[in-house]
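# Architecture at a glance
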Amino acid sequence: MSSREAYVRALPKAELHLHIEGTLEPELAFRLAQQHGVVLPYASVAELRAAYDFTDLQSFLDVYYALADVLRDADDFYELALSYLQRAHEQGVVHAEVFFDPQTHTARGIAFDTVVAGLHRALTEAERRFGMTHRLIACFLRHLSAADAMLTLDAVLAHRQIIAAVGLDSAEAGHPPSKFVAVFERAREQGLLAVAHAGEEGPPAYIREALDLLAVRRIDHGVRCEEDAKLMQRLAREQIALTVCPLSNVKLGVFERIEQHNLKRLLEAGLCVTVNSDDPAYFGGYLLENYLAVERALGLTSEQLATLARNSIEGSFLDAVAKRRWLTAIDECARGELAH
Ligand code: HPA
Ligand code: ZN
């Protein structure tokens, strides 16, 4: 292991943009398919991996939604989540804010309660075993109607004690944040926090809408903010965290090559940029691999790597005491590295 890798691994990090369905590795998908008698449209793990040659967001979502069909009972969601949490813990993730897509499951007849029960069991076990904290975030599928999202919000509110926030994901273009104003308003009135995917494939205007109409605390992706200088200045001034996902962006063609990624420019413009893995089973790497990919391709300094870790803590929904604790630990880790 290179010393750089050891340093990035040792930095306490929060992961803020992680779809639990996107951690479904092909091996687990095939095992669960067999167990539940689900016929997958792929003959083998190798054939499935070959289908991960995405051209854009929709080409990924087609495979991602198809594969989620193997998740049937609470044990499946538990195993899925615990595998991710174990791996994240080994990579120095101390806090995970985990997305799930309720409608992907309820539309197939899997009860909301089943999904949440499995996920919650894994999250509390990771807390007990690894000391890893978490928040659970329920995302609405934006290609579905606002009425469907509102019905989903009823189920979210019935689990208020274990769901911290709502989010917005799926096909972005043509489904602006403004479509979901009433849903987010009700969620916030009920004390839930809000985040939304914006500015991945959609225009900078969607980032503005997410901030102004949905009152989100973070922007998921947000990389297309660079097309709007005023918006960039606002994001820097207000220190709105962007949950950037470098390997995802290359896999889905947001940037052709990792060397062209704008993460370093956004960071140097003073934005609160964070690094995340999005759907690691599909995009070729978990959190550590995402950090190392940008570190190598963009030439980030040790101090910039520490800033990314600090931003992940600052941008999280942890309380002030927990944030202070991790920020102090990051400072110590960075001082140790710079003294080398
Ligand atoms: N964008 C939109 N929807 C998603 C993503 C993403 O990156 N990952 C999983 N659902
Ligand atoms: Zn995402």
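Refer to the structure printed above.
Just so we're clear, the structure is a prediction, and the values are computed from it rather than from any experiment.

On to the overall build of the protein. The number of helices and strands found in the protein is 17 helices and eight strands. Here the protein has a C-alpha radius of gyration of 19 Å; the compact-globule value for 340 residues is 20 Å, and the two agree. For the protein, with 340 residues in total, the buried portion stands at 59%. Of the contacts formed within the protein by residues at least 6 apart in sequence, a portion of 76% connects residues at least 24 apart. Element-wise, carbon and sulfur atoms account for 51% of the exposed surface of the protein, whose accessible area totals about 12,900 Å². Between the averaged position of the 34 positive side-chain charges in the protein and that of its 48 negative side-chain charges there is a distance of 5 Å.

Mapped onto the elements, Ser277 comes out in the loop between strand S8 (272–275) and helix H14 (280–283). Exposure remark for Ser277: the relative accessible area of 1% places this residue in the buried category. Leave out the neighbours within four places in its chain, and Ser277 touches Glu15, His17, Leu18, Phe283, Gly285, Tyr286, Leu287 and Asn290.

Assignment of secondary structure puts Glu209 in helix H10 (residues 204–212). Separated by 28 residues in sequence, Glu209 and Val181 place their C-alpha atoms 9.4 Å apart. Apart from the residues lying within four places of it in its own chain, the contact partners of Glu209 are Pro176, Pro177, Ser178 and Leu214.

Further remarks concern the coordination of the zinc ion (ligand 2). For a metal with four donors in a tetrahedral arrangement, the ideal angle between donors is 109.5 degrees, while six donors in an octahedron ideally sit at 90 or 180 degrees. Every protein donor of the zinc ion (ligand 2) is accounted for by His17 (NE2), His19 (NE2), His197 (NE2) and Asp278 (OD), and the metal-donor separations fall at 2.1 to 2.3 Å. Within one chain, the residues serving as donors to the zinc ion (ligand 2) are arranged as H-x1-H-x177-H-x80-D. Taken as a pair, His17 in strand S1 (residues 13–19) and Asp278 in the loop between S8 and H14 lie far apart in primary sequence, 261 residues in all. Asp278 gets classed as buried once you look at its relative accessible area, which sits at 3%.

Taken residue by residue, a regular strand's side chains alternate between the two faces of the sheet. Of all eight residues in strand S2 (residues 93–100), eight are buried; the element is thus mostly enclosed. One ladder, built from five bridges, connects S1 with S2; its direction is parallel. Residue pairing for S2: His19 is matched across the bridge by Phe99. Two strands pair when backbone bridges link them, and S2 and strand S3 (residues 133–141) are joined in this way by six bridges, in the parallel orientation.

Moving on to the sheet that holds strand S4 (residues 165–169). Ordered in space as S1-S2-S3-S4-S5-S6-S7-S8, the eight strands form an open sheet in which the pairing is parallel. Bordering the open sheet on either side are S1 and S8, each of which pairs with just one other strand. The mean angle between the axes of side-by-side strands here comes to 25°, regardless of whether they run parallel or antiparallel. As defined by bridge partners, S3 adjoins S4 across five bridges and the pair is classed as parallel. Across the sheet, the residue bridging to Phe140 is Leu168, located in S4.

Another point: the site of ligand 1. Taken together, the residues surrounding ligand 1 are His19, Leu57, Phe60, Leu61, Tyr64, Asp169, Ser170, His197, Glu200, His221, Asp278 and Asp279. Contact between ligand 1 and Glu200: a nitrogen atom at 2.8 Å from a side-chain N or O atom of the residue. Contact with the protein chains removes 100% of the 260 Å² of surface that ligand 1 exposes when unbound. Of the residues belonging to the shell around ligand 1, the class tally is four nonpolar, four polar and four charged.

Time to look at the packing of aromatic side chains. Under the definition given, this model contains 11 aromatic pairs. Where Phe60 meets Tyr64, the ring centres are 4.9 Å apart and the plane angle is 35°; that geometry is what we call tilted. Of this pair, Phe60 and Tyr64 are both found in helix H4 (residues 57–67), four residues apart, which corresponds to roughly one turn of the helix. No difference in accessibility class separates Phe60 from Tyr64, as the two residues are buried. Pairing Phe60 with Phe283 gives two aromatic rings, centres 4.8 Å apart and planes at 50°, and the pair type is tilted. Note that Phe60 is positioned in helix H4 and Phe283 in helix H14, a separation of 223 residues in sequence. Residues Phe60 and Phe283 agree in their burial class; the two are buried. Within the aromatic cluster, the residues linked to one another by ring pairs are Tyr52, Phe54, Phe60, Tyr64, Tyr65, Tyr282 and Phe283. In this structure, Arg121 is placed above the aromatic ring of Tyr78, and the distance from its NZ or CZ to the ring centre is 4.4 Å.

For the coordinates displayed, the defined rule picks out 20 salt bridges. For the salt bridge of Arg108 with Asp69, the shortest nitrogen-to-oxygen distance reads 3.4 Å. With a gap of 39 residues between them, Arg108 in the loop between helix H6 (102–106) and helix H7 (112–130) and Asp69 in the loop between H4 and helix H5 (74–90) connect regions that are remote in the sequence. The shortest N-O distance in the salt bridge between Arg234 and Asp212 comes to 2.8 Å. Linking Arg234 in helix H11 (residues 229–238) with Asp212 in helix H10, this pair joins segments that are 22 residues apart in sequence. In the salt-bridge network here, residues are joined through shared partners; they are Glu25, Glu27, Arg49 and Arg87.

Basis of the calculations
- Residues numbered from 1 in each chain as written.
- Chains lettered and ligands numbered in written order.
- Predicted model: local features only at pLDDT ≥ 70, side-chain atom pairs only at ≥ 80, totals over all residues.
- Heavy atoms only, no water.
- Helix = DSSP H or I, 4+ residues; strand = E, 2+ residues; numbered from the N terminus.
- Rg over C-alpha atoms; globule rule 2.2 N^0.38 Å.
- Buried < 20%, exposed > 50% of the residue type's maximum accessible area, 1.4 Å probe, protein only.
- Contact = heavy atoms within 4.5 Å.
- Areas by Shrake-Rupley, 256 points an atom, 1.4 Å probe, with all protein chains shown as cover.
- Lys, Arg positive; Asp, Glu negative; His and termini not counted.
- Charge placed at Lys NZ, Arg CZ, Asp CG, Glu CD.
- Donors = N, O, S within 2.8 Å, 3.2 Å for Na, K, Ca; no water.
- Pairing = 2+ DSSP bridges.
- Axes fitted to C-alpha atoms, helices over the stretch in contact; angles between N-to-C directions.
- Near = heavy atom within 4 Å.
- Polar contact = N/O pair within 3.5 Å; in protein donor to acceptor, adjacent residues only side chain to side chain.
- Nonpolar A, V, L, I, M, F, W, Y, C, P; charged D, E, K, R; others polar.
- Phe/Tyr/Trp six-rings, centres within 6.5 Å; stacked < 30°, edge-to-face > 60°.
- Lys NZ or Arg CZ within 6 Å of the ring centre and 35° of its normal.
- Salt bridge = Lys/Arg side-chain N within 4 Å of Asp/Glu carboxyl O.

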